[in-house]
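# Summary of structural features
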Amino acid sequence: MRLPEIPDPVGLLEKLVAFPTISNRSNLDLIEFVRAYLADFGIESFLCHNDDGTKANLYAQVGPDAEGGVVLSGHTDVVPVDGQAWTSDPFRLTELDGKLYGRGTADMKGFLAAVLAHAPAMSRAGLRQPVQIAFSYDEEVGCLGAPSMIAKMARRLPKASAVVVGEPSMMGIVNAHKACVGFETHVSGYSVHSCRMHAGVSATMTAARLVNWLHERTEENRVAGAADSGFDPPYTTLHVGTLAGGTASNITAKDCRFMTDIRCMPSESPEGWLSRYEARAAAMEEEIRATSPEAGIRISGINIVPGLRPEPEGAAESLVRGLTGRNRAGVVSYGTEAGQFQGAGYSAVICGPGSIVQAHQPDEYITRAQLRECTGFLHRLTSHLSA
């Protein structure tokens, strides 16, 4: 069957960018737009909501109810624009010199737009194996939406041979990324005048010791890191992004909270790193409670995103190599839902338009050239699945 002309996704990208799907807001308007768009071409989609019904994943299948197809996966949420110096409206697509500016253009509504633009052609192409579309919520805050969607897809749809996550990679092949562990630590102290600090427990100083423990582990990892791993940096990092506590310089602090982000090599266990930290916190809690039984250390909000591991002779990488003509694969330090698909038994790889350098930046953009390369890739994928 002769495939239709390659579609231009820019019009759809303009519509998607106009939805301000920042992670702290609902994405339902965008999801309903996508659902109605797919329905116009006879493509049924399914929703998977979060607990309070304010957000939803969407998944759909184009083509026959047969195993061996391909999942095209991406996230609908974007990061905030607060405090960034944009020179154009971040939620209105603006073009200049072949660059399309707007929040999420690269990360990753450009990929979503390309997939949606191709959906009508896919539905008419006489696919022998299906294309499954998977759009998730809350990727930017820990890949929170994807697991429930993946579980439902595994139950309701035939098993796909490959998953392509369209994170910005300049259409290069990425076969590995780091795992991520995120959590909050709340240290409860016992307040006394600082002249009697020996009788109290300072939550801030206790927190500082925990933060220093994290720093020391990062330094140990840096020294032991394998420079040829391909990762930048080539070791596990343990980072504290926020810290707040205390009320005055002459009072031992009652409370201190800080947020930790661990990015560990895919060969290492994220659960193992969390256990090491929990053990250190437990030992310190026993120490501070010897001074005051009111003191304590609580770890909460734990979120683990598994790493993506290279797959020897993996179906996803082999497929994308053939469709892109690229013979080399790289690795990245950011996380995606690719590791979650892999953990559920799918072969997964990353390949998408745009540069990760643009992600989360003011004046984020994607080039028309990158969108053309992505649409060409999807055109060849459609042909491959129709053969």
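Per-chain numbering applies: the sequence of each chain, read as written, is numbered from 1 onward. Reporting in this predicted model follows two pLDDT cut-offs: at least 70 for local features of residues, and 80 or more for side-chain atom pairs to be given and counted; totals over whole chains, interfaces and linings ignore these cut-offs and use all residues. For side-chain calculations, the full set of non-hydrogen atoms in the structure is used, while hydrogens and water are omitted.

What follows is about the packing of aromatic side chains. The geometry of an aromatic ring pair comes down to the distance between the two centres and the angle between the two planes. Any two rings among Phe, Tyr and Trp, with Trp reduced to its six-membered ring, count as a pair given centres within 6.5 Å; such a pair is stacked if its planes are under 30 degrees apart, edge-to-face if over 60, and tilted if neither. With the rule as written, the count across this model stands at eight aromatic pairs. When the ring of phenylalanine 341 is compared with that of tyrosine 346, the centres are 5.5 Å apart and the planes differ by 90°; the resulting orientation is edge-to-face. Among the aromatic residues, those joined into a ring-pair cluster are Phe19, Phe33, Tyr37 and Phe41. Lying across the ring of phenylalanine 46, arginine 156 places its NZ or CZ 4.2 Å from the centre. We call a charge positioned above a ring when the Lys NZ or Arg CZ atom is no farther than 6 Å from the ring centre and deviates by at most 35 degrees from the ring normal. The ring centre of tyrosine 346 lies 5.0 Å from the NZ or CZ of lysine 159, which sits over that ring.

Overall, antiparallel pairing links the three strands, which are arranged β4-β5-β15 in an open sheet. Each edge of the sheet is formed by a strand with only one pairing partner; in this case those strands are β4 (94-96) and β15 (365-367). When the angles between neighbouring strand axes are averaged without regard to direction, this sheet yields 25°. Here three bridges tie strand β5 (residues 99-101) to β15, and the two strands are oriented antiparallel to one another. For tyrosine 101, the partnering residue across the bridge sits in β15 and is tyrosine 365. Contacting β4, β5 and β15, helix α9 (residues 368-386) crosses the sheet at an angle of about 65° to β15. Strands qualify as paired when DSSP identifies two bridges or more between them. Think of it this way: any DSSP run of H or I at least four residues long counts as a helix, any run of E at least two long counts as a strand, and we number them from the N terminus. The axes used here are C-alpha line fits, helices contributing only the stretch in contact, and every angle between their N-to-C directions lies in the interval 0 to 180 degrees. Residue contacts are counted whenever heavy atoms from the two residues lie within 4.5 Å of one another.

By definition here, a salt bridge exists when the distance from a side-chain nitrogen of Lys or Arg to a carboxyl oxygen of Asp or Glu is within 4 Å. Applying the stated criterion across every chain yields a total of 13 salt bridges. Across the pair lysine 254 and glutamate 294 runs a salt bridge whose closest N-O atoms are separated by 3.6 Å. A residue pair is termed long-range when its members are at least 10 positions apart, and lysine 254 in the loop between β10 (237-245) and β11 (255-264) and glutamate 294 in the loop between α6 (270-289) and β12 (296-305) qualify at 40 residues. Only protein chains enter the accessibility calculation, which uses a 1.4 Å probe. A residue is then buried if its area is under 20% of the maximum for its type, exposed if over 50%, and partly exposed in between. Its relative accessible area of 39% is what places lysine 254 among the partly exposed residues.

What follows covers the packing of helix α3 (residues 105-124) against α9. Across the interface, α3 lies against α9 with an axial gap of 10 Å and an inter-helix angle of 35°. In the crossing of α3 with α9, the sense of the turn from one axis to the other is right-handed. Contact residues: Gly110, Phe111, Ala114, Val115, His118 and Met122 in α3; Leu371, Cys374, Thr375, Leu378, His379 and Thr382 in α9. We call a crossing left-handed when the near helix sits turned anticlockwise from the far one by less than a right angle, and right-handed when that turn is clockwise.

All right, on to α6 then. Here α6 is 20 residues long and its end C-alpha atoms lie 28 Å apart, about the 28 Å a rise of 1.5 Å per residue gives. When α6 is considered as a whole, its buried residues turn out to be Pro270, Trp273, Leu274, Tyr277, Ala281, Met284, Glu285 and Ile288. All buried residues of α6 lie within an arc of 110° about the axis, which places them on one face of the element. Contacts from the buried residues of α6 go to β9 (179-188), α5 (203-224), β10, β11 and β12. Multiply 1.5 Å by the residue count of a helix minus one, and that product is the helix's expected span. The arc in question is the one spanned by the directions pointing from the helix axis to the C-beta atoms.

For the rest of this paragraph, the subject is the environment of arginine 280. Within the secondary structure layout, arginine 280 lies in helix α6. Residue class for arginine 280 comes out partly exposed when judged on its relative accessible area of 30%. Sequence separation between arginine 280 and tryptophan 213 is 67 residues; the distance between their C-alpha atoms is 8.4 Å. Here arginine 280 is in contact with Arg209, Leu210 and Trp213, once residues within four sequence places are set aside.

What follows is about the layout of surface pockets. Grid points spaced at 1 Å over the protein atoms alone were grouped into cavities, where a 1.4 Å probe fits but cannot get out, and pockets, open sets with protein on both sides within 12 Å along at least five of seven lines, with lining residues defined by an atom within 4 Å of a point. Grid points are joined across faces, edges and corners, and a volume is the space filled by probe spheres set on the points. Roughly 480 Å³ of internal volume is contained in the largest pocket. In this structure, the largest pocket is lined by 23 residues; those nearest its centre are Glu140, Arg263, Tyr334, Gly335 and His360. Elements with a contribution of two residues or more to the lining of the largest pocket: β9, β11 and β12. With three residues, the top contributor of residues to the lining of the largest pocket is β11. Only Asp, Glu, Lys and Arg are considered charged in this grouping, and only Ala, Val, Leu, Ile, Met, Phe, Trp, Tyr, Cys and Pro are considered nonpolar; every other residue, Gly among them, is considered polar. Across the lining of the largest pocket, the residue classes break down as nine nonpolar, eight polar and six charged. Space inside the second largest pocket adds up to approximately 210 Å³. Taken together, Met197, His198, Gly200, Val201, Ser202, Met205, Thr206, Arg209, Glu287, Ile288 and Thr291 make up the full set of residues lining the second largest pocket. Among the elements of the structure, α5 and α6 are those that each provide at least two residues to the lining of the second largest pocket. Per-class residue counts for the lining of the second largest pocket are four nonpolar, five polar and two charged.

Position of asparagine 221 among the secondary structure elements: in helix α5. Residue asparagine 221 is classed as buried on the basis of its relative accessible area of 14%. With near-sequence residues (within four places) excluded, asparagine 221 lies in contact with Tyr235, Thr236, Leu238 and Trp273.

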